Amino acid sequence: MASDAANTMGTSAADALALLLQEDPLLLQHGLNLYSGGSVSPEASGDNHEESTDDAAYAYAASLLHDDGSSASSNNGGWMSSSGEYRQRATEALAEVDRKLALVESLAQRVSRDSPAKVAGPLLRLHGFELSESSESPSQKINSDAATLTATRDKADRLERQSQVLSTVAHRVETALQRGVTRMESATTRLSRVLELSATLKMILRLQFEARKLGSGLDLESISQGGVIDLRDLTRAAASVAVMEDLLSHPSLSPASQAGTIDVVEKLRPGAEAVAKSVRQAAAGLMNELQSQSTSATVSSLSRLGATLQVYFHLGELPDASWRAVTSAFITAEKASDHLFHPTAVKRMKESAQSEAMALAEVEAAKSKDGKDDLKAKDSRQRKKHLDVIYERLYIRKLREKRTAAASKWATEVSDASSRVWNLHRVLAARNDPVTRKNFLEVVAESAVPKDFAGAEEVLLQAQNENKDIETVADKLNIQDFSLFSLFWVQLCLRLAGRLQRLLKYDGGSLERDVASLYPAVRSASLEMVAELHDVMQMGSASSDEATGLSSMGSGWNPTGVMGGSAVLEDSVFLGGAVVRMNGSLDDPFGRADEAAGGGILGASADAWTHPSSTYDTALDADGSRPTADASSLPSSSALAVFTSQEWVTLQGEKVSDGVPMGFSPLRSSFLEQCKKRLFTPLEFMFQEAVSVDENGVAIPVLPTLPSRYDIAKIDSNIREELSLADPRQGGGDFSMATMISDPIVSMVHEFCVLAKRAISEIDDDVEAGTEAVTHNLKVASVMSSLASFVRNAPENTYVNPYRPSQSPQHEEASHSCRVALLPALQEIESLVKNTILTPLTRVLNSQVATVMSKMHRLGAYLQNSRDDSSQASSFVQIHLVDLFDNIASVYLTPLPNEYASIVASTVATFSIYSFVSNAAMIRPLGETSRLRLTQDLADFELSLEQLVFKGGTSLSLSQIAGGKPYSELRAMRQLLYWNMLDDKALSPAEVAKALLRETWVKDVRPSTLFHFLFSFAPTLLTSPHHFKRMDAHQYVGAMIKLDGSVDDGEASAWMTTMACCDAYQQRESVDGSMADGDRRVGAILMILGPELLRRRRQ
């Protein structure tokens, strides 16, 4: 059983191997695919053969996969008895495969030997050779293939030999070229040495030439000894020194570059170095001399400065020299600021004023004691009090004088430093090198800004990049707008703001009050300083600049001087003719660059800044300062230019970016804060809540306590004292501070109004007018009127009245600008009184008038069928209204100030006229007797209102109140009463309406008055408007006329009610038209008149 299985496995493996070998075409061609153990052949075919090969392939694959000795699970059953036998069979099968592989290798060798074309053919085709097919016999074909292979081998040999020959030729050519290159390099090296030697000789000759120039025609002794220096000699010496230094620093002439030195060069070197040192010393001396001069730079000094800058340009040290000069001026200004804004200086100033004031007070008190007997009789306490009064007055004056003197000294030193920088900037902007045509200011602008001015550069860069896109933002100042003066001024203002902040915070703010008091004097001094700088900047005109050829490009510079000598700088109009106009735009931080270069950028005529277009009502500056000139320091013609200049704006810190303080902004803020504190101090005791209790200890509500006349006078004194700080004589400041000080006053008035509003009692319309709350409010109105009067008169009492009759236009101008700045305070007082006191009061009074007017209908005062004939003997106005108006005038108008009493009287008069006319127009029926009585009452009513308005204290008459409309309607009412067009029964409604519209008095009557009057002629079926609304007559009138006297809203409502009455009348007339009382045309007339009258009123 085991032997059968083994035979079966071997047979299957052999068959599987045969099947694999059967797929090789080359084995099939040579018959090497026969296996000794099987009978498989290429020619065999049939189903049995296919099944056997498939089984054999499956068996062989299974024998290869099962290497763990386990039996295969298949449908054919197990074919291997044990794992050892399986491994043995597998080993034999592999050995058989090795033998077959050996046969295949031997076959390949035989094929390559017998049929080389089979092997070489594909290789030759791969290399591009074409093998032609022929129909030769196999033997001939083998011979031809061998010949072809031999020819190919020969051709390959020939190609190899040719490549060797070409390689040899290339090597020879390369060797020849290398020898040529070597010879060329040798020749070039010799030539370069010759050229270098030639260049060295040229430099030596140029060095000797410059040395001879220095030795002939130049006064080297004066330059070296610091004597009188000729600017031409110094300029030529600087040019020669610059050339010699450049030559001596060349590597060819430098001792460190060669083993030996050049004797000629070394002989010239000490002299050149000595001359260079002398030139630099002379230039430094000239620069120091020019920088130490006063503000008023002459033409000669500017010429010398230009020559000195030319020297530094030749030496290549122009940027360094310019920045050293600017830094020196900045240090000078910083020292001046340190002397003024220092804790020790502030304390010393106060102590000195105290000691001098005390000495003068004792002397004055002694003189008063010797001259007056009443002072001798006084006791020591009274004499001490008298001495204190004198001391306080003298101390204030001395302290003001000390502050003014210190501020003036600071402004003088800062002005000198600023003028030096401005003159330097002007010369740099106007001066060009005559050889290179480079502008000196552009040369300085191309250099780096020192660290000391980094803050100013950042601020100017921020202003330059403002409102620009991210793509166009620059990280360096524009060269065309570069300004040394702008950098100096902005940096000075930045350092000044930082110094003031530290001083205000010194010792926990103990000196803040004294430091803030410096602001008026410092502002006045700085205004004079900026005005002086403005005058310096305004020198010359554009015409003279162009006439002399002093353009910013330097095309007009006289070239007669040697190497940019001082021949041009001797011109009498050097820089004096440069256009220096003030920059009116606050957004251009580089305005000084164009001005110094001679280009005016304002573009305005001379009269444009002497006659400003803005009025005092609109032209307020950011800090409240108005372009108001100080009579002692600033001419009015240049006031606007100074206040709008970039220097003044920057110094005052009006434009602060990113929270960075600038200039006097910390000091100004502290000054305004101190002003507020002094003004707000009296308000602590204003309108205090009163407390009262009854006998049981229960709190009783009591109205707040009102300020006394002394309290209001104290506020007035504080206001005038603060405003006097802007008076140069009284407070040491300048008049431009008037509007700035007005801001704290407006804030104080606002706080006062807030306190007063809390003390005002609320009054309803139905409250009796004689209550305690109304009386209290009238007193509050008097207090507010007093305050408004003081605020209104404070500017004139401060700036004009003390100097009458010799007041100047500057005093009048300061007073006017201050009054304009205080208008918000007056408007707030008026608004408070009108809204919280006068309006509720007039509503209460008008409510009383409306109640009395209602008696016209309730009592039937004008009805002809009245039972009480005695009541008709007297006028309704005299009985009911005259006493009411007299009571209003005596009780309410008399306690009120005139300006407020006139408002109440006007409002009451307006409401009374409208109410009386409307009530009279609604009387129905209106007979002849009623018309006569109404006419008489209209005259009495007009007379009583005239007296009411007169007692109100107004200068206006009754015909001028509310534009004259109420009085015109009152006068037209008399003509309306006697209108008799309806007596003509033949006229149609349209004709009556047209005739009525043509009346001259119709335009003065309200449409509702005319509607209601026509109802008196209507039939009984046409219901009156107030009956239609089911209201009393006075209620209906109250719906049309508001308690504040406005009537516009009620006209539309009255017309709607009239139309509703006419519609109802038409319906009733169609049902019961037999009633013939009244005029039946009234309804149609009303429908025709209504739209036209309302249209006219809207127009």
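Coordinates for the structure precede this section.
To keep things clear, this report deals only with the structure shown in the data block. What you see is a predicted model, and the numbers here were worked out from it, not measured in a lab.

Conventions used here
- Residues numbered from 1 in each chain as written.
- Predicted model: local features only at pLDDT ≥ 70, side-chain atom pairs only at ≥ 80, totals over all residues.
- Heavy atoms only, no water.
- Core = buried A, V, L, I, M, F, W, Y, C linked by side-chain atoms within 4.5 Å.
- Buried < 20%, exposed > 50% of the residue type's maximum accessible area, 1.4 Å probe, protein only.
- Contact = heavy atoms within 4.5 Å.
- Axes fitted to C-alpha atoms, helices over the stretch in contact; angles between N-to-C directions.
- Helix = DSSP H or I, 4+ residues; strand = E, 2+ residues; numbered from the N terminus.
- Parallel < 35°, antiparallel > 145°, perpendicular 65-115°, else oblique.
- Left-handed = near helix turned anticlockwise from the far one by under 90°.
- Nonpolar A, V, L, I, M, F, W, Y, C, P; charged D, E, K, R; others polar.
- Salt bridge = Lys/Arg side-chain N within 4 Å of Asp/Glu carboxyl O.
- Patch = residues over 30% accessible without salt bridge, like charges linked within 9 Å, V, L, I, M, F, W, Y side chains within 5 Å.
- Areas by Shrake-Rupley, 256 points an atom, 1.4 Å probe, with all protein chains shown as cover.
- Expected span 1.5 Å × (residues − 1).
- 1 Å grid on protein atoms, 1.4 Å probe; cavity = no way out; pocket = protein on both sides within 12 Å on 5 of 7 lines; lining within 4 Å.
- Points joined across faces, edges and corners; volume = space filled by probe spheres on them.
- Disulfide = S-S within 2.5 Å.
- Phe/Tyr/Trp six-rings, centres within 6.5 Å; stacked < 30°, edge-to-face > 60°.

Trp410 and Phe916 are the most contacted members of the largest nonpolar core, which has 237 residues in total. Every residue in contact with Phe916, bar those within four places of it in the chain, is listed here: Met853, Met856, Tyr862, Phe876, Val877, Leu881, Leu934, Asp937, Leu938 and Phe941. Formed by 10 residues, the second largest nonpolar core is a distinct cluster that contains Ala353, Ala357, Ala361 and Ile390.

Another aspect to go through is the packing of helix α25 (residues 709-723) against helix α26 (residues 738-759). Where α25 contacts α26, the two axes come as close as 9 Å, and the packing angle between them is 160 degrees. When the interaxial angle is binned, α25 and α26 end up roughly antiparallel. As for how α25 packs across α26, the hand of that crossing is right-handed. Between α25 and α26, the contacting residues are Ile712, Ile715, Ile719, Glu722 and Leu723 on the first element and Ala738, Ile741, Ser742, Ile745, Met748 and Phe752 on the second. Looking at the contact of α25 with α26 residue by residue, the classes come out as nine nonpolar, one polar and one charged.

In the structure shown here, the tally under the stated rule is 25 salt bridges. Of the charged contacts in the structure, one is a salt bridge between Glu942 and Arg971, with a shortest N-O distance of 3.5 Å. Of this pair, Glu942 sits in helix α33 (residues 928-951) while Arg971 sits in helix α34 (residues 965-977), and the two are 29 residues apart along the sequence. A relative accessible area of 11% places Glu942 in the buried class. What you see here is one network of salt bridges that share partners, running through Glu334, Asp338, Arg495 and Arg499.

Where nonpolar side chains cluster on the molecular surface, the patch consists of Val165, Val169, Val173 and Leu177 and spans about 350 Å² of accessible area. Locating Val165 in the fold gives a position in helix α6 (residues 138-215). We classify Val165 as exposed; its relative accessible area is 51%.

Where α26 contacts helix α27 (residues 772-799), the axes come no closer than 11 Å and their chain directions differ by 175 degrees. The pairing of α26 with α27 is recorded here as roughly antiparallel in orientation. Residues Ala738, Val749, Phe752, Cys753, Ala756 and Ala759 of α26 form the contact with α27, whose own contacting residues are His776, Val783, Met784, Leu787, Val791 and Tyr799. Grouping the amino acids of the contact of α26 with α27 by side-chain chemistry returns 11 nonpolar, one polar and no charged.

Taking 1.5 Å per residue, 19 residues should reach 27 Å; helix α19 (residues 519-537) reaches 26 Å between its end C-alpha atoms and fits that length. In terms of residue burial, α19 counts as a mostly covered element, since 16 of its 19 residues are buried.

With that settled, the discussion passes to the layout of surface pockets. Left-over empty space is what a probe sized like a water molecule reveals as it rolls over the atoms. Its volume calculated, the largest pocket comes out at about 960 Å³. Lining the largest pocket are 27 residues, and of these Ile396, Arg403, Arg678, Glu721 and Leu725 sit closest to its centre. Of all elements in the fold, only α14 (380-430), α18 (512-516), α19, α24 (665-680) and α25 reach the threshold of two or more residues within the lining of the largest pocket. Broken down by element, the lining of the largest pocket gets its largest block of residues, seven residues, from α14.

Attention now moves to unusual backbone geometry. Between Arg804 and the following residue, Pro805, the backbone shows a cis peptide bond with an omega angle of 0 degrees. Considering the arrangement of structural elements, one finds Pro805 in the loop between α27 and α28 (809-821). Put simply, Arg924 and Pro925 share a cis peptide bond, and its omega is 0 degrees. With respect to the helices and strands, Pro925 occurs in the loop between α32 (898-921) and α33. The backbone phi angle of Arg1030 is positive, close to 55 degrees, even though this residue is not glycine. Along the chain, Arg1030 turns up in the loop between α37 (1025-1028) and α38 (1033-1040).

Working definition: the covalent bond between the sulfur atoms of two cysteines is a disulfide. Using the criterion set out here, one finds zero disulfides in the structure. With no disulfide of its own, Cys1062 has Cys1061 as its nearest cysteine by sulfur position, at a separation of 6.9 Å. We classify Cys1062 as buried; its relative accessible area is 1%.

In this structure the tally under the stated criterion is 21 aromatic pairs. Ring centres of Phe735 and Tyr799 lie 6.0 Å apart, and the angle between their planes is 85 degrees; this geometry places the pair in the edge-to-face category. Separated by 64 residues along the polypeptide, Phe735 in the loop between α25 and α26 and Tyr799 in helix α27 bring together distant segments of the chain. With relative accessibility at 2%, the residue Phe735 sits in the buried group. With 6.5 Å between their ring centres and 80 degrees between their planes, Trp979 and Phe1017 make a pair best called edge-to-face. On the criterion of sequence distance, the pair formed by Trp979 in the loop between α34 and α35 (989-997) and Phe1017 in the loop between α36 (1007-1014) and α37 is long-range, its members being 38 residues apart. For the pair formed by Trp979 and Phe1017, the shared burial category is buried. Taken together, the ring pairs in this structure connect Trp323, Phe330, Trp422, Phe453, Phe482, Phe485, Phe488 and Trp489 into an aromatic cluster.

Let's shift gears to the environment of Lys350. You can see Lys350 is positioned in helix α12 (residues 343-371). Taking the C-alpha atoms as reference points, Lys350 and Lys398, 48 residues apart in sequence, are found 9.1 Å from one another. Residues contacting Lys350, with those up to four places away along its chain left out, are Tyr395, Leu399 and Asp514.

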